Amino acid sequence: MTVTLITGANKGLGFETARQLLELGHTVYVGARDIERGEKAAAALGAGFVQLDVTDDVSVSAALATIGAAEGRLDVLVHNAGILGNEALDGPTALRVFDTNAVGIVRVTEAALPLLRRSSNPTVVTVSSSAGSFWAVNNPDRPEYHLPLALYSAAKAAATMLTVQYAKAQPGIKFNALEPGTTATDLTAAFGIGRTPLESAKVVVRLATLGPDGPTGTFQDEDGEVPW
Ligand SMILES: NC(=O)c1ccc[n+]([C@@H]2O[C@H](COP(=O)([O-])OP(=O)(O)OC[C@H]3O[C@@H](n4cnc5c(N)ncnc54)[C@H](OP(=O)(O)O)[C@@H]3O)[C@@H](O)[C@H]2O)c1
């Protein structure tokens, strides 16, 4: 059994990724910051549940301790929790966006490393964004060029860079970042754009199910590697 933790899995892409990985036979833990929403999602999926707020060290440690006690290891970690944070462009909003989308990756990865090291094929997937690609935001032919999402883009650039840095620092563990494709979720609801989570979660599932010889330190979408 492959033991998998997905952060922010009570809805959207995380929820659909959990559904698809359960279908493939993974033992999935739905991580959610809200107990009621998380338990409801986990029950609907037939998954495990851990309360996990990526901005809260105590919550993150407790979630990984629960999985460690129950499973003894972690095979797949999906950093999926994220916020858009486009309400304002100011210090408090910037702290919140970076805390959730970038610092949260450090918190959860550091807490998960001891359990990942006990896996025979440890894999970490970061649901980043091409809005954090310097190539895409500087390319007038790309939709990211026109996105007025300074904090989100900057935090996702950091998320991708953290993935690359972890890949270099932890050669025994695969770390890959991805752009899932524009998806109709609560995150994008205000724009009324995107395809179904079913299609986009396939990109996450592909990188979450890499074999031992799979790539590490890459940034990919459904067509392959995305320029940085
Ligand atoms: N949708 C797109 O087009 C798109 C494109 C590129 C990348 N992405 C990325 O895909 C990921 C999933 O987004 P989505 O589109 O599925 O959006 P979503 O439906 O809004 O889901 C976001 C999830 O993150 C959770 N979350 C937020 N803050 C958290 C925290 N502090 N601790 C733990 N969980 C937290 C949310 O929980 P609550 O229910 O408690 O708020 C929710 O479960 C994000 O990282 C996003 O940046 C999405």
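Residues numbered from 1 in each chain as written. Predicted model: local features only at pLDDT ≥ 70, side-chain atom pairs only at ≥ 80, totals over all residues. Heavy atoms only, no water.

Participant: Whenever I open this one, empty space enclosed by the protein confuses me. Can you help?
Facilitator: Vacant regions in the atomic arrangement are exposed by a probe of water-molecule size rolled over the atoms. Throughout the structure, instances matching the rule amount to one cavity of 30 Å³ or more. Quantified by volume, the largest cavity comes out at close to 70 Å³. Lining of the largest cavity is provided by 13 residues; of these, His 79, Ala 81, Thr 100, Asn 101 and Ile 105 occupy positions nearest its centre. Put simply, the parts of the chain that give the lining of the largest cavity at least two residues each are α4 (91-116) and β5 (123-127). Among the elements that take part in the lining of the largest cavity, α4 stands out by supplying five residues, more than any other. When its residues are assigned to classes, the lining of the largest cavity shows five nonpolar, seven polar and one charged. (1 Å grid on protein atoms, 1.4 Å probe; cavity = no way out; pocket = protein on both sides within 12 Å on 5 of 7 lines; lining within 4 Å. Points joined across faces, edges and corners; volume = space filled by probe spheres on them. Helix = DSSP H or I, 4+ residues; strand = E, 2+ residues; numbered from the N terminus. Nonpolar A, V, L, I, M, F, W, Y, C, P; charged D, E, K, R; others polar.)

Participant: Got a minute to help me understand helix α3 (residues 57-71) in this structure?
Facilitator: Structural remark: α-helix, 3.6 residues per turn; residues separated by three or four positions point the same way. Taking 1.5 Å per residue, 15 residues should reach 21 Å; α3 reaches 21 Å between its end C-alpha atoms and fits that length. Within α3, the full set of buried residues consists of Ser 59, Val 60, Ala 63, Leu 64, Ile 67 and Gly 68. Where α3 is buried, its residues meet β1 (3-6), β2 (27-32), β3 (48-51) and α4. A side-chain oxygen of the first residue of α3 lies 3.0 Å from the backbone nitrogen of Val 58; this N-cap is Asp 56. (Expected span 1.5 Å × (residues − 1). Buried < 20%, exposed > 50% of the residue type's maximum accessible area, 1.4 Å probe, protein only. Contact = heavy atoms within 4.5 Å. Polar contact = N/O pair within 3.5 Å; in protein donor to acceptor, adjacent residues only side chain to side chain.)

Participant: Honestly, the packing of aromatic side chains in this entry has me stumped. Any pointers?
Facilitator: Think of a pair of aromatic rings as described by two things: how far the centres are apart, and how the planes are tilted against each other in angle. Inspection of the entire model under this criterion finds two aromatic pairs. The interplanar angle of 15° and the centroid separation of 5.4 Å between the aromatic rings of Tyr 166 and Phe 175 together place this pair among those described as stacked. The class for Phe 175 is buried, based on a relative accessible area of 1%. With centroids separated by 6.1 Å and ring planes inclined at 20°, the aromatic side chains of Phe 219 and Trp 228 adopt a geometry described as stacked. (Phe/Tyr/Trp six-rings, centres within 6.5 Å; stacked < 30°, edge-to-face > 60°.)

Participant: Any chance you could explain the nonpolar core here in plain terms?
Facilitator: Most often, soluble globular proteins keep nonpolar side chains buried together rather than apart. Leu 5, Leu 64, Ile 67, Leu 74, Leu 77 and Leu 116 are the most contacted members of the largest nonpolar core, which has 23 residues in total. At the level of elements, β1, α3, α4 and α6 (150-169) are the ones that each hand at least two residues to this core. By residue number, the principal contributor to this core is α4, which donates five residues. Counting 20 residues, the second-largest nonpolar core is a separate cluster that includes Ile 6, Ala 18, Ala 47 and Leu 210. (Core = buried A, V, L, I, M, F, W, Y, C linked by side-chain atoms within 4.5 Å.)

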